There are 2 protein chains.
Amino acid sequence: MGQKSAKISGVKIRDEFWSPIQDLVMEEMLPYQADVLEDKADVTEKSHAVQNLRIAAGETKGEYHGLVFQDSDLAKWLEAVAYALNVKPIPNLEKKVDEIIDLIGRAQQADGYLNTYFTVKEPERKWQNLQECHELYCSGHMIEAAIAYYEATGKDKFLNIMRRNADLICSKFGPPESGKERGIPGHQEIELALLRLHEITGEKSYLETAQYFLDERGREPDFFMEETEKRDWKHFGMDPANREYAQNHLPAKEQAHAVGHSVRGIYMYSAMAKLAAETGDEEWLNACRALWENITGKRMYITGGLGSTVAGEAFTIDYDLPNDTIYAETCASIAMVFFARYMLEIEPKGKYGDIMELQLYNGALSGMQLDGKRFFYVNPLEVVPGVSGVLHGFKHVKPQRPEWYACACCPPNLARLITSLGQYAWGENKDTVFNHLYLGGRADLELAQIGCETNYPWDGSIKYTVTPKQGRNFKLAIRIPGWCNQYKIKIKDKEYESEEIGGYMYIQREWSPDDIVEVKLHMEPKRIYANSMVRAAAGCVALQRGPIVYCLEEVDNHPNLAALRLPRTSKLKAIQHNGITVLEADGLRLEAEAALYSDVPPKTQPVTLRAVPYYYWGNRKPGGMRVWIQEG
Amino acid sequence: MGQKSAKISGVKIRDEFWSPIQDLVMEEMLPYQADVLEDKADVTEKSHAVQNLRIAAGETKGEYHGLVFQDSDLAKWLEAVAYALNVKPIPNLEKKVDEIIDLIGRAQQADGYLNTYFTVKEPERKWQNLQECHELYCSGHMIEAAIAYYEATGKDKFLNIMRRNADLICSKFGPPESGKERGIPGHQEIELALLRLHEITGEKSYLETAQYFLDERGREPDFFMEETEKRDWKHFGMDPANREYAQNHLPAKEQAHAVGHSVRGIYMYSAMAKLAAETGDEEWLNACRALWENITGKRMYITGGLGSTVAGEAFTIDYDLPNDTIYAETCASIAMVFFARYMLEIEPKGKYGDIMELQLYNGALSGMQLDGKRFFYVNPLEVVPGVSGVLHGFKHVKPQRPEWYACACCPPNLARLITSLGQYAWGENKDTVFNHLYLGGRADLELAQIGCETNYPWDGSIKYTVTPKQGRNFKLAIRIPGWCNQYKIKIKDKEYESEEIGGYMYIQREWSPDDIVEVKLHMEPKRIYANSMVRAAAGCVALQRGPIVYCLEEVDNHPNLAALRLPRTSKLKAIQHNGITVLEADGLRLEAEAALYSDVPPKTQPVTLRAVPYYYWGNRKPGGMRVWIQEG
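What counts and what doesn't
Along each chain, numbering runs from 1 in the same order as the chain's sequence is written. Written order decides the labels, with chains lettered from A and ligands numbered from 1. Restriction of local features to residues with pLDDT of at least 70 applies here, the model being predicted, together with a cutoff of 80 or more for giving and counting side-chain atom pairs; totals for whole chains, interfaces and linings are based on all residues. Calculated side-chain values reflect all of the structure's heavy atoms, with hydrogen atoms and water omitted. Pairing between two strands requires that DSSP report at least two bridges joining them. The secondary structure listing takes helices from DSSP runs of H or I that are at least 4 residues long and strands from runs of E that are at least 2 residues long, numbered from the N terminus. By definition, disulfides here are pairs of cysteine sulfur atoms that lie within 2.5 Å. Only buried residues count toward a nonpolar core, which is a set of Ala, Val, Leu, Ile, Met, Phe, Trp, Tyr and Cys residues joined through side-chain atoms within 4.5 Å. Categorising residues by exposure relies on relative accessible area from a 1.4 Å probe, with only protein chains included: less than 20% of the type maximum marks a residue as buried, more than 50% marks it as exposed, and the intermediate range marks it as partly exposed. Any pair of residues with heavy atoms lying within 4.5 Å of one another is described as a contacting pair. The axes are straight lines fitted to the C-alpha atoms, using for helices just the contacting stretch, and the angles between their N-to-C directions are given from 0 to 180°. With the far helix as reference, a near helix turned anticlockwise by less than a right angle produces a left-handed crossing, and one turned clockwise produces a right-handed crossing. Throughout, buried area stands for the accessible area (probe radius 1.4 Å) lost by two parts on being put together, summed over both. Every case where a carboxyl oxygen of Asp or Glu lies within 4 Å of a side-chain nitrogen of Lys or Arg is listed as a salt bridge. Here a polar contact means two N or O atoms within 3.5 Å. Within protein one must be a hydrogen donor candidate and the other an acceptor candidate, and residues neighboring in sequence count only if both atoms are side-chain atoms. Between rings of Phe, Tyr and Trp, where Trp is taken as its six-membered ring, a pair exists when centres lie within 6.5 Å; planes separated by under 30 degrees are stacked, by over 60 edge-to-face, and by other angles tilted. Throughout this description, any angle smaller than 35 degrees is read as roughly parallel, any larger than 145 degrees as roughly antiparallel, any in the 65 to 115 degree range as roughly perpendicular, and the remainder as oblique.

Participant: Mind laying out the pairing of strand 13 (residues 504–510) of chain B, listing which residues take part and the relevant values?
Facilitator: Residue and element names in this part refer to chain B. Across 7 bridges, the pairing between strand 9 (residues 473–479) and strand 13 is antiparallel. Within strand 13, the position partnered with Phe474 by the bridge is Arg509. Relative to strand 13, strand 12 (residues 500–501) is paired through 2 bridges, and the arrangement is antiparallel. Bridged to Ile501 within strand 13 is Tyr504. What sits between strand 12 and strand 13 in their antiparallel hairpin is a turn of 2 residues, with Gly502 showing a positive phi close to 55°.

Participant: Now, about the state of the cysteines: what can you tell me, with residues and values included?
Facilitator: Taken as a whole, this structure holds 0 disulfides over all chains when the rule is applied. Not engaged in a disulfide, the cysteine Cys551(B) finds its nearest cysteine sulfur in Cys540(B); these two sulfurs lie 14 Å apart.

Participant: Give a detailed account of the nonpolar core, specifying residues and quantitative values.
Facilitator: Membership of the largest hydrophobic core comes to 223 residues, with the highest contact counts inside it found for Trp77(B), Trp426(B), Tyr464(B) and Val517(B). With 13 residues, the top contributor of residues to this core is helix 14 (residues 330–346) of chain B. Not counting chain neighbours up to four residues away, the residues in contact with Trp77(B) comprise Leu30(B), Gln33(B), Ala34(B), Leu37(B), Leu93(B), Lys96(B), Val97(B), Ile100(B) and Pro412(B). Core analysis: the second largest hydrophobic core is formed by 221 residues, Ile147(A), Leu365(A), Trp426(A) and Ala585(A) among them.

Participant: Residue-level account of the sheet that holds strand 2 (residues 11–13) of chain A, with values.
Facilitator: Residues and elements named next belong to chain A. One open sheet holds the 7 strands; their spatial order is 2-6-7-8-14-10-11, and the pairing between them is antiparallel. The open sheet has two edge strands with one neighbour each: strand 2 and strand 11 (494–495). Sheet topology note: the strand 6 (residues 441–444)/strand 7 (residues 448–454) ladder contains 4 bridges and is antiparallel. Bridge pairing in strand 7 links Gly441 to Cys452.

Participant: An account of the packing of helix 7 (residues 135–153) of chain B against helix 8 (residues 157–172) of chain B is needed here, citing residue identities and associated values.
Facilitator: Residues and elements named next belong to chain B. Relative to each other, helix 7 and helix 8 sit at 145°, their axes nearing to 8 Å. When you trace helix 7 past helix 8, the crossing you get is left-handed. Together, Leu136, Ser139, Met142, Ile143, Ala145, Ala146, Ile147, Tyr149 and Tyr150 of helix 7 and Phe158, Leu159, Met162, Asn165, Ala166 and Ile169 of helix 8 make up the contact between the two elements.

Participant: Give a detailed account of the pairing of strand 16 (residues 540–545) of chain B, specifying residues and quantitative values.
Facilitator: Note on strand geometry: in a regular strand, side chains alternate between the two faces of the sheet. Residues and elements named next belong to chain B. Most of strand 16 is tucked away, with 6 of its 6 residues classed as buried. In this structure, strand 15 (residues 525–530) lies alongside strand 16, joined through 4 bridges in antiparallel fashion. The partner of Lys526 across the bridge, within strand 16, is Gln544. Here strand 16 runs beside strand 24 (residues 629–631); their pairing, made up of 2 bridges, is antiparallel. Residue pairing for strand 24: Val541 is matched across the bridge by Ile629.

Participant: Describe the interface of chain A and chain B, listing the residues and the values that go with them.
Facilitator: Across the contact, 57 residues belong to chain A and 57 residues belong to chain B. The largest per-residue losses of area from chain A upon contact with chain B belong to Arg535(A), Leu596(A) and Tyr597(A), which jointly make up 20% of the total buried on that side. Between Arg535(B) and Glu382(A) there is a salt bridge, with the nearest N and O atoms lying 3.2 Å from each other. For the pair chain A and chain B, the number of links is 28 residue pairs in polar contact (both at pLDDT 80 or more). Broken down by secondary-structure element, the contributors of at least two residues to the side of chain A that touches chain B are helix 13 (282–298), strand 15 (526–530) and strand 21 (597–598) of chain A. At 5 residues, the largest contribution of residues to the side of chain A that touches chain B is made by strand 15 of chain A.

Participant: Which residues make up the sheet that holds strand 11 (residues 494–496) of chain B, and what are the values?
Facilitator: Residue and element names in this part refer to chain B. Pairing in this open sheet of 7 strands is antiparallel, and the strands run 2-6-7-8-14-10-11 from one edge to the other. With partners counted over all chains shown, the strands left at the sheet margins are strand 2 (11–13) and strand 11, one partner each. In this sheet, adjacent strand axes meet at a mean angle of 20° when their direction is disregarded.

Participant: Before we move on, could you go through the packing of aromatic side chains and cite the residues and values that matter?
Facilitator: Two descriptors summarise a pair of aromatic rings, namely the distance from one centre to the other and the angle between the planes of the rings. Residue and element names in this part refer to chain B. One pass over the full model with this rule turns up 55 aromatic pairs over all chains. Summarising the aromatic geometry, the rings of Tyr269 and Phe339 are spaced 5.8 Å apart at their centres and angled 50° between planes, so their arrangement reads as tilted. Taken together, the positions of Tyr269 in helix 12 (residues 262–279) and Phe339 in helix 14 put the pair 70 residues apart, joining distant regions of the chain. Grouping residues by exposure puts Tyr269 and Phe339 together as buried. Relative to Tyr506, the ring of Phe434 lies with its centre 6.0 Å away and its plane at 90°, an arrangement referred to as edge-to-face. Within this pair, whereas Phe434 is found in strand 5 (residues 432–435), its partner Tyr506 is found in strand 13, the two being separated by 72 residues in sequence.

Participant: I'd like to hear about the packing of helix 1 (residues 18–37) of chain A against helix 3 (residues 71–87) of chain A, residue by residue, with values.
Facilitator: All names here are of chain A. One way to put it is that helix 1 packs onto helix 3 with a least axis distance of 11 Å and a crossing angle of 150°. Classified by the interaxial angle, the pair formed by helix 1 and helix 3 is roughly antiparallel. For the pair helix 1 and helix 3, the crossing hand works out as left-handed. Touching Gln22, Met26, Leu30, Gln33, Ala34 and Leu37 of helix 1 are Asp73, Leu74, Trp77, Ala80, Val81, Ala84 and Val87, all from helix 3.

Set out below in structure tokens:
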């Protein structure tokens, strides 16, 4: 039996780790991104997203500026602000959003069409280049923003605007036998948006069109080829023959390997999972399971990073996980949180929650600088001064977070993830409350109100205060993380033992108000080994404690991190330092010899290795970084 | 005091290792390459080089075909055949060469101009694009071929043709104050050719023009920029602003780091060394020494491979030596033999001979399949099935030798190297005979006739039979290889001890006819460690025995070579097998676990590791290959 994620409005986060980050997002990132979107920030890359809307609404003159999918930056920001309004009132941002929504309404065309690029720049080319021009992608993000704003504020103006847009899409695209046009999105996103819109409106055509887009993907004859042949123009000049890039190589239901552009792929898999949950269709479910296993079992970095190559920002082949030429886009890690969420809704298994947690604390969070002002698009596992960001093949791997991108997908995507964390932490079905993530705060669910106190991820103690709301008999299911080999549960100070099922500990009892459940996850630093098929990690270990993956930085360990070795017998020590936990161990540094090659092994000197959380890297002095450490 | 390389005609090779390869070159490669050049071979890439000459001579109609420097493929083949004629008479090839020389004469223009591309295709664009169009490069190779043919046969027709061409070049390019045009070659080669032409003709203008080209390189204002501005056309579309690519970033005399296109660079350094030897100019000598140290101390693969990136087929930065995205063009290793030769002519130091030997037995020889029919351009140190030759960033790294290239520089370059080996083995000055390489056979020098018997590189015993020719008192200087930690020398069965000076053992005595000198180099297999700055070799060892570097191949060791480990305590065994020496050792294979990451180290099973000579790889079944082996 599945379960449903909590409503964001029902979860109040008061968490030592995440609340300061949420505050940063709300107090720094969102106002800063508003300035960027309104061209008021001092950044190299002008956004122009709001100005594009004004031009589209006919309220100012000017040229469209930005990428063809510039609207989506604004959409993700709107969505993030909407989520933030659940965390606390931010009247000035809410006012700004209302103004922008009004502007969106004025920019929308009479038939519901909404896309500033085509409205302003190429009105005669609407809907002719789904592969490259991302009208459906932009609509998808606007729909998600409208849902979030409706849920946060109860105001339905934006939702109604986007329903008109969704209605246009649903009336236009569908099976030709129903008199509609054939079509699939170039960048998947509309599928998930329509499924969510169906969920809150109950309008069946949204579900049907989402299902149509998913069903149609990968069908013969190739839609993008057909579409390209009909046109005498291209936008980016993409090759429709590269079908794997677009996950268009096989019917989506038959896909079992994660290929192509990683963000697009995982957005699609997320929609497939949501569709499987809605319809109970076993074929979709099996495809989702196969894709999940392929990603997490063969194509994911230890940090959660997804996408091994800059060419197409894409997955490559099983076990091909280079650390230094990696792509691992922040958005792909964010997308994986969505995929995990919808897999959990189908079947609450710990493995999905584990990956959600891994992404949040590592691959996604590493995308932002700790001051919320600079962002990684690419999240490497190895940075080498003079190589990363410089040499051919490494130019995309920036050794420091840049301030803003022409293609600014990641920063607002992170903002919407972080402001909506609560919904990922909790879920329920008719007889069970699920805790997927350990976040301090309070969840107000159908079955119960539950308070949670913890200093996670630095400490493995979590204390729940459970107050039943309807009946007293229900289950509390707590995820026992995959990284945890040993744990204890106490209820009202008494040890509690029960079977762990699929990664969750189910506690069933007659609950009384303010029942206390204490969980103690034994959290020691440990060495992680990669599968021996991962050649980029051969001879190496990574360090992890709780959900946090660690890395060595030059600022702590001197230059040339490849010369460091962690002997097998060295004990790892966890040390509190400036509010985070760092790891230390006795290590060795190979001395630099004069000769390039020698039949004498390099001498070693003892050193103390210091590892910091992966998400924390790149926040001090620039320099090398390395997750996989030579062992032995 | 320097020394001069032996004349090819004076050295007869009868060597267990090299004679079969020379035979292969003469009996298979050269006839096969003749067929390719005459478009009679069944290969995908048509050469058209001879046909281009016929069209240029006005003897047939047709279109020019091939790269702008297609003439150089023919030139290198002509040079190789010329060297081969020193090894043994090959009447049919000599006849073919004479016919081609006649044709070259007819294709030459009245003023000495010789280049089929511009003669046939763009006559109005001669000499306008030195950066991209390589007229000087093609002339250089033709000059070297003409010298070789003259030296082998005494026939001077080709030499006279190329002297007319050289005279044209020398009258055209030079200091503007002498009424000549400013110019430098895009692809260096003419410099060395003119220096060699000066050497055999005594014509000073050849020396002066060579020196001019070297002096002018890297001077302000940038010649290629100026040249590009004067033209309204480009050939390849190169960017003249990429000055390092063309070694045009600093005056050549001031260059101390090997940068840019590796073959071009090393051809230039070779010419610089020859110029330093001719002129005794300390500045040129110091630049050569600095470049030599930079290459061999920081930018060379253990196999001798040169050039770390496909972008510009170029050197990158110190210690950046990736094994799998490597370039390491066969021609660069060949060029390094030339550089070593001319450094040896300046100062006979063992380190130069060591690198010459390393290249011959490894980085250069690996360029050819053992049947002489297929060739590597790129010589990787790691091949991974499904990655090498397939994925983005790896497409240039072919996992098997292809048959022929559109840019077919490497195959005939190898042919000319292998047929001219004798000149690299021996040298002399007024009182010393130098043996740089251990090749069985007979050298007829000024000071002595010396026979050499050996089963090198499989065995370290070398037996010399020395017969003085002029006076009886002279020195025999034998290179003691850098890889050799222990050796013995006997003269007429008596142990001989003397000081080793700069890597050579000098034996001075009153020689009698048929004096026997026996050298026994202790040749055990050993482990080689890279400098700890080389991150691509971190945690690994390479295996070497004598001058032969070894590698693991999948065909001997099963798939996934990155999962193999060589424990530090394992003994390396040398085993004779099918005429080569292979190495075996007790090793471990990490078992492939189900999980991608685990806190349990992978289990290991004992295996016997088998390593084959690096040059030998890729001659059996396709599969993975790896030079650097995980240790411990």
